[in-house]
Amino acid sequence: MPTVTSRDGTRIAYQREGAGPALILIDAAGHFRANSPLGELASFLTPHFTVYRYDRRGRGDSGDTPPYAPEREVEDLAALIIEADAPTALYGYSSGCLLALHAAAAGLDVRRLVLLEPPLDTDDEAGQRAFTATLNRLTGVEAVTFFLTSIGVPEQLLAGMRDTPQWNAMVSVAHTLAYDSLLSEATGPAVLARVSTPTLVLHSAGSTDSLTGMAATTAGLLPDAEQRRLPGEWHGVPAATLAPALTDFLCRDAARP
């Protein structure tokens, strides 16, 4: 399994498939390559892009060097972008969007961003800090249950997830849920104001007003962003629907004379 070495020495595992401009896919909280919807999405994108998928630190085959800080995850992405050896597009899903925004704000060589339902809440900083503190106290199943319930996963979906391989995979990286909460704490209007990268913000027609509202807030705070609504379910869009929207937006530069 190929790896890159982040600035603090952490090994970050990744895989590369396809041909074309570089595109890095960034997973949501609790997900990694072995437990992710991004594998199916990648299969639709590899005819058009060189697609990089990786395990964020603390997950899957990647290392984890404490203490965690959002800046370390940006450094992980920086190492992967150097490996790609080209201006890179980033696609982020859920909290993966926040990491993509921090990478662009830090001035990494990012040419375009696509974000699916970024969980940006600028109104309750104290609540987010309390959420992080609770996640730091909990472990395993308790942490996963608290996290998913708190972010609004419908009970019917939650019941269907329990005791599945996907659930067990999330439990195996439950300690990283606090990492994503810290990432949320660190993401606000000041970060977004530094993102000059052209950005497409997407939301699902099947999501709640809270999620679609956060997508609209993100698009409104970014200097160069557009927003689209796609057919989908709660907090998700089928890969077959999502891939053409990504391809159209990410290939616009190539289409210009």
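Residues numbered from 1 in each chain as written. Predicted model: local features only at pLDDT ≥ 70, side-chain atom pairs only at ≥ 80, totals over all residues. Heavy atoms only, no water.

Asker: How should the packing of aromatic side chains be read in this particular structure?
Answerer: The description of an aromatic ring pair rests on the distance of the ring centres and on the angle between the ring planes. Following the criterion strictly, the structure yields 4 aromatic pairs and no others. Relative to Phe146, the ring of Phe131 lies with its centre 5.3 Å away and its plane at 35°, an arrangement referred to as tilted. Note that Phe131 is positioned in helix α4 (residues 125-137) and Phe146 in helix α5 (residues 140-150), a separation of 15 residues in sequence. Phe146 gets classed as partly exposed once you look at its relative accessible area, which sits at 26%. Members of the aromatic cluster, connected to one another through ring pairs, are Phe131, Phe146 and Phe147. The positively charged end of Arg112 is found above the aromatic ring belonging to Phe249, 4.6 Å away from the centroid. (Phe/Tyr/Trp six-rings, centres within 6.5 Å; stacked < 30°, edge-to-face > 60°. Helix = DSSP H or I, 4+ residues; strand = E, 2+ residues; numbered from the N terminus. Buried < 20%, exposed > 50% of the residue type's maximum accessible area, 1.4 Å probe, protein only. Lys NZ or Arg CZ within 6 Å of the ring centre and 35° of its normal.)

Asker: Help me understand the packing of α5 against helix α7 (residues 165-172) in this model?
Answerer: Each pair of packed helices can be summarised by the angle the axes make with each other and by the distance between the axes. The N-to-C vectors of α5 and α7 enclose an angle of 105°; their axes lie 8 Å apart at closest approach. Considering their axes alone, α5 and α7 lie roughly perpendicular with respect to each other. Residues Gly140, Val141, Val144, Thr145 and Leu148 of α5 pack against Trp167, Met170 and Val171 of α7. The residue inventory of the contact of α5 with α7, partitioned by class, reads 6 nonpolar, 2 polar and no charged. (Axes fitted to C-alpha atoms, helices over the stretch in contact; angles between N-to-C directions. Parallel < 35°, antiparallel > 145°, perpendicular 65-115°, else oblique. Contact = heavy atoms within 4.5 Å. Nonpolar A, V, L, I, M, F, W, Y, C, P; charged D, E, K, R; others polar.)

Asker: Hey, could you run me through the environment of Arg252 in this one?
Answerer: Within the element layout of this structure, Arg252 appears in helix α12 (residues 252-255). Given a relative accessible area of 30%, Arg252 falls into the partly exposed group. Among all residues touching Arg252, those that are not within four sequence positions of it are Arg112 and Glu226. Of the polar contacts made by the side chain of Arg252, one reaches the side chain of Glu226; its length is 2.9 Å. (Polar contact = N/O pair within 3.5 Å; in protein donor to acceptor, adjacent residues only side chain to side chain.)

Asker: For this particular structure, what's the right way to read the side chain of Thr50?
Answerer: Within the element layout of this structure, Thr50 appears in strand β4 (residues 50-54). Since its relative accessible area comes to 13%, Thr50 is described here as buried. Those residues in contact with Thr50 that lie beyond four places of it in its chain are Arg16, Glu17, Gly18, Ala19, Gly20, Pro21, Ala22 and Leu23.

Asker: I keep staring at the pairing of strand β2 (residues 11-18) and nothing clicks. Help me out?
Answerer: If a strand is regular, its side chains alternate between the two faces of the sheet. By the bridge criterion, 3 bridges tie strand β1 (residues 3-5) to β2 in an arrangement that is antiparallel. Counted as the bridge partner of Val4 is Ile12 from β2. With 5 bridges joining them, β2 and β4 adopt antiparallel strand pairing. From the neighbouring strand, Tyr14 faces β4, where its bridge partner is Tyr54. (Pairing = 2+ DSSP bridges.)

Asker: Help me understand the environment of Thr149, please; the structure alone is not making it clear to me.
Answerer: Inspection of the secondary structure assignment puts Thr149 in helix α5. Assessed through its relative accessible area of 47%, Thr149 is described here as partly exposed. Only 2.8 Å separates the side chain of Thr149 from the backbone oxygen of Thr145, close enough to count as a polar contact.

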